[in-house]
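Examining the three-dimensional arrangement
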Amino acid sequence: MYVYDAFDRRLLAERVAEFRDQVARRLSGELTEEEFKPLRLMNGVYLQLHAYMLRIAIPYGTLSTLQLRKLAEIARKYDRGYGHFTTRQNIQFHWIKLAELPDAMAELASVGMHGMQTSGNNVRNITTDQWAGVAPDEIEDPRIWAELIRQHVTLHPEFSFMPRKFKIALGASSRDRAALRIHDMALRLHRNAAGETGFEVMVGGGLGRTPYLAQTIKPFLPKRDVLSYVEAVLRTYNQFGRRDNIWKARIKILVHDLGAEAFAKEVEAEWQGIKDGALALDPAMVAEIASRFRYPDYEKLDDSPPQLAKARRDDRGFDTWMANCVANHKVPGYAVVTLSLKPQGGTPGDCTAVQMDKLADFADRYSFGEIRVGHEQNLALPHVAQRDLPALWRELDAIGLAQTNVNLITDIISCPGLDYCSLANARSIPIAQEITQRFRDLDIQRDLGRLHINISGCINACGHHHVGHIGILGVEKNGEEFYQITLGGKADENATLGTLIGPAVPYAQVADVVEDIAAAYLELRQPPQELFIDTVKRLGVEPFRERVYAAR
Amino acid sequence: MPLVENGQIVQDRYLHVEDDGPIPDRVPAIVSAQRFLANADALVRRDGSLAVWWPNDRRIAELAPWLGHLALVALQFPKFRDGRAYSQARLLRETYGFGGTLRATGDVLRDQFHFLIRAGFDSFEVKKPADARVFAEAAARYSVVYQPSADGRVPALRRRVQRAGTDPG
Ligand code: SF4
């Protein structure tokens, strides 16, 4: 948990004052909507179908209970009693009033939160593995570096008006839980042959109309150079990225057009000129930032306490939950608990103010006051003592947050789609809701095993459909909602883009198609328990295509 | 369009010369990049301050050999959203050590002042008179900065280490 100091608080207060002035000028008519637009966008305020939407950053997905309670309060006071967690470790409030926005922002600032750079053509919220700092396979906590970069790019004088938005993600494990290769830039901490840690730098990933996976342009960057290298990449992009066509403005197009090697050369030339200047990090600076991260005062405990085994034997529901929602922690005797925000028939990623408050209480009692937000639109309690798991489970179950569908077919990632978003071609949420109804039988879900469905309501791909095992993309055909289906995508360390299986299908048939695909998989998979994604990899999409279109 | 320098609205000293127009001696003159590059050697020997108006889609490195002879470089913001000239400005100041006046022209509004000053600009052709009048207030908006830039302000990261533990007040 990074704790804001007086510098951070001051900057945020000044930002809120500036925004208050801008809103006042808009309300008085001094600013037209057109002039106001880039200003509100820099503060995470969008104008959607029904109202203004406020997007708040949750840097590297880490929340304190103080912050979560504040989000609950904002939901109640300024919105309709709930918030929506996105695929980029942000939370959105969809029903907020313009005149009340400055007050909402001032309240958020009081707990070190803001909407700065959650929209606009700047560096967006820095994301990481949501298990950063607790994952057993991690080589060090990437959030220290994410925070250094976050500060560096906040209100950056050179990079606040780039050709397009710029998304950075960090990871530090062999397993990629941050979808690194679909980012404009990704940094992966790893150890080189000499045993030093540094970053693998990847650039040019992104989904949308032209999906690309990021390519490695520097296999090993010393940690002291991370800010200067980020600066060199951004400077190259800011100058040479296309600005004539919004669909070609992301860095992925520049990297693709120049070629990764030529792009890397431009960056290298720029970087050589600045790497030993003011941006070179000295250990004292890194230590300063690291010291503002508070780590729990863990007890000395043993793994797998006997009462846990007993509780698993005694209660099948608890046992199921343990198997599905609880992961290993790097500290013995502790565990990471995932909370699914994907109830049957619900909206993926939605969380009510009541749930937020309750969760904050649980986090205080069971998880050292900390909550995590993942790109799969689920939450996690990152530091739960294993002996407390039965008690926590009972409490979560009571508020509907002990669902055991994590990583299963109903753990759907979905953008808001046409129900909220002014850019949408089609609805996403009702599709997700219908699929969760069809597959509500948990035994069927478990039999299908790990299976990720991702849904986007338009080609902007906020639901990351290209990297869903089953990807669903809403398109418009003659004024009607149609959906393209892709198979075989994934966003992990072996990231792959999905393959289209055939012509788009109408709204009413999407859930049927998903059922057909699931049925085909059950027939085609090799025993024992070949995963869906592996069956698609082995056989390609052809057998699925046949199954889906034979009947249509 | 009001011109702001040193926080004040001032009269422009420079004569804006058309590409085919004459350049009188002993008068500060501003010429296009094209005209300048076609005849740079002669122009820099001319008697009188010289300024160049540089487009944002041309590498600033091309101007580097002449910077010692230029009193002012004017960079362009064709649109508020087009931020290429921020990079050009920092390159001029920090990489090439340009010490003359750096002017922002085009779609220059109050909400960019903070960024422009930090990127090294010290002369601003402001689009709206109302924005020019509140220049000083808008420029002083942020007392904390997070990154080193051409204005030489000390970023929070360094202030923290220097004053370990002390409050910024
Ligand atoms: S993918 Fe399209 S519809 Fe969905 S949130 Fe993004 S822009 Fe809106």
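Residues numbered from 1 in each chain as written. Chains lettered and ligands numbered in written order. Predicted model: local features only at pLDDT ≥ 70, side-chain atom pairs only at ≥ 80, totals over all residues. Heavy atoms only, no water.

1. Things to note about the overall build of chain B
Looking only at helices and strands, one finds seven helices and eight strands in chain B. In terms of its C-alpha atoms, chain B occupies a principal-axis envelope of roughly 60 × 35 × 30 Å. In chain B, which comprises 169 residues, the share counted as buried stands at 53%. Total accessible area on chain B is roughly 7,600 Å²; 49% of this is exposed by carbon and sulfur atoms. Side-chain charges of chain B comprise 24 positive and 20 negative groups, with the mean position of each set lying 6 Å from the other. (Helix = DSSP H or I, 4+ residues; strand = E, 2+ residues; numbered from the N terminus. Buried < 20%, exposed > 50% of the residue type's maximum accessible area, 1.4 Å probe, protein only. Areas by Shrake-Rupley, 256 points an atom, 1.4 Å probe, with all protein chains shown as cover. Lys, Arg positive; Asp, Glu negative; His and termini not counted. Charge placed at Lys NZ, Arg CZ, Asp CG, Glu CD.)

2. Looking at the pattern of salt bridges
Counted under the stated rule, the structure contains 71 salt bridges over all chains. Between Glu434 of chain A and Arg438 of chain A there is a salt bridge, with its nearest N and O atoms 2.7 Å apart. Note that Glu434 of chain A and Arg438 of chain A are positioned in helix H14 (residues 429-438) at a spacing of four residues, about one turn of the helix. Overall, Arg438 of chain A belongs to the partly exposed group, its relative accessible area being 29%. A salt bridge links Arg58 of chain B to Glu62 of chain B; its shortest N-O distance comes to 3.1 Å. Taking the relative accessible area as the measure of exposure, Arg58 of chain B reaches 30% and is therefore partly exposed. Where salt bridges share partners, they join Glu158, Glu231, Arg235 and Glu270 of chain A together with Arg90 and Glu94 of chain B into one cluster. (Salt bridge = Lys/Arg side-chain N within 4 Å of Asp/Glu carboxyl O.)

3. Let's talk about the nonpolar core
Core analysis: the biggest nonpolar cluster contains 164 residues, and Trp321 of chain A together with Phe36 of chain B have the highest contact counts within it. A per-element tally of this core places helix H6 (residues 226-240) of chain A first, with eight residues. Beyond its immediate sequence surroundings of up to four residues, Phe36 of chain B is in contact with Val31, Leu43, Val44, Leu50, Val52, Leu63, Trp66 and Leu70 of chain B. The next biggest cluster of nonpolar side chains, apart from the first, holds 32 residues, and it includes Ala426, Ile472, Ala520 and Tyr521 of chain A. (Core = buried A, V, L, I, M, F, W, Y, C linked by side-chain atoms within 4.5 Å. Contact = heavy atoms within 4.5 Å.)

4. Some remarks on the sheet that holds strand E6 (residues 127-128) of chain A
Residues and elements named next belong to chain A. Spatial strand order, E6-E7-E8-E9-E10: five strands in an open sheet with mixed pairing. Two strands bound the open sheet, and with one partner strand each, they are E6 and strand E10 (215-222). Two strands pair when backbone bridges link them, and strand E8 (residues 185-191) and strand E9 (residues 197-203) are joined in this way by seven bridges, in the antiparallel orientation. Bridge pairing links Arg188 to Glu200 in E9. Sheet contacts for helix H8 (residues 260-274): E9 and E10; angle to E10, the most-contacted strand, approximately 30°. (Pairing = 2+ DSSP bridges. Axes fitted to C-alpha atoms, helices over the stretch in contact; angles between N-to-C directions.)

5. A few points about unusual backbone geometry
Residue and element names in this part refer to chain A. The peptide bond linking Pro527 to Pro528 adopts the cis configuration, its omega dihedral lying at -10°. Positionally, Pro528 belongs in the loop between helix H16 (510-524) and helix H17 (532-539). One non-glycine residue, Ala179, lies in the positive phi region at around 55°. On the secondary structure map, Ala179 appears in the loop between strand E7 (168-171) and E8. Its relative accessible area of 1% is what places Ala179 among the buried residues. The phi dihedral of Ser304 falls on the positive side, at around 45°, and the residue is not glycine. In this fold, Ser304 is placed in the loop between helix H9 (283-291) and helix H10 (306-314).

6. Concerning the interface of chain A and chain B
Listed by partner, the interface residues are 50 residues for chain A and 34 residues for chain B. Buried area between chain A and chain B, both sides added, is near 4,200 Å², and the carbon and sulfur share of it is 56%. There are eleven salt bridges connecting chain A and chain B. Arg160 of chain B is paired through a salt bridge with Asp8 of chain A; the nearest N and O atoms lie 3.0 Å apart. Along the contact surface separating chain A from chain B lie 25 residue pairs in polar contact (both at pLDDT 80 or more). Of all the elements in the fold, those that place two or more residues in the side of chain A that touches chain B are helix H1 (6-27), helix H2 (33-41), helix H5 (143-153), H6, H8 and H9 of chain A. Of the residues forming the side of chain A that touches chain B, the biggest block, twelve residues, is contributed by H1 of chain A. Residue classes in the side of chain A that touches chain B are distributed as 23 nonpolar, nine polar and 18 charged. (Buried area = accessible area lost by both parts, 1.4 Å probe. Polar contact = N/O pair within 3.5 Å; in protein donor to acceptor, adjacent residues only side chain to side chain. Nonpolar A, V, L, I, M, F, W, Y, C, P; charged D, E, K, R; others polar.)

7. Thoughts on the domain arrangement of chain A
All names here are of chain A. Under the domain assignment used here, chain A contains domain 1 (6-109), domain 2 (142-291), domain 3 (306-398) and domain 4 (413-550). With centres defined by C-alpha atoms, the gap from domain 1 to domain 3 works out at 29 Å. Listed as interface residues are 21 residues of domain 1 and, on the opposing side, 25 residues of domain 3. Carbon and sulfur atoms supply 57% of the area that domain 1 and domain 3 bury against each other, a total of about 1,900 Å² over both sides. One can count 14 residue pairs in polar contact (both at pLDDT 80 or more) joining domain 1 with domain 3. Among the elements that line the side of domain 1 that touches domain 3, the one with the most residues is helix H3 (residues 65-78), at seven residues. (Domains from an automatic or database assignment.)

8. As for the sheet that holds strand E4 (residues 82-85) of chain A
Residue and element names in this part refer to chain A. Spatial strand order, E1-E2-E5-E4-E13: five strands in an open sheet with antiparallel pairing. Here the strands that pair on one side only, and so sit at the sheet edges, are strand E1 (45-47) and strand E13 (350-352). When strand polarity is set aside, the average angle formed by the axes of neighbouring strands in this sheet is 30°. Bridging between strand E2 (residues 52-57) and strand E5 (residues 90-96) involves five bridges; their strand directions are antiparallel. Bridge pairing in E5 places Arg55 opposite Gln92. Against the sheet, H3 touches E2, E4 and E5, its axis set at about 15° to E5. Helix H12 (residues 353-366) rests against E4, E5 and E13 of the sheet, and its axis sits at about 75° to E13.

9. Concerning the packing of H16 of chain A against H17 of chain A
All names here are of chain A. At a closest axis distance of 10 Å, the pairing of H16 and H17 adopts a crossing angle of 75°. As far as their axial angle goes, H17 and H16 are roughly perpendicular. Here Ile517, Tyr521 and Leu524 of H16 lie close against H17, whose contacting residues are Phe532, Thr535, Arg538 and Leu539. Class assignment for the residues of the contact of H16 with H17 results in five nonpolar, one polar and one charged. (Parallel < 35°, antiparallel > 145°, perpendicular 65-115°, else oblique.)

10. Some thoughts on the site of the ligand
Neighbouring the ligand are the residues Cys415, Pro416, Gly417, Cys421, Leu423, Ala424, Gly457, Cys458, Asn460, Ala461 and Cys462 of chain A. Of the residues that constitute the shell around the ligand, the class distribution is eight nonpolar, three polar and no charged. (Near = heavy atom within 4 Å.)

11. What about the pairing of E8 of chain A?
Residue and element names in this part refer to chain A. Most of E8 is tucked away, with five of its seven residues classed as buried. Pairing geometry for E7 and E8, over four bridges, is parallel. In the sheet register, Gly171 faces E8, and the bridge partner there is Arg188. In textbook terms, the turn of a hairpin is the stretch between consecutive antiparallel strands, and for E8 and E9 this stretch comprises five residues, one of which, Gly195, has a positive phi near 85°.

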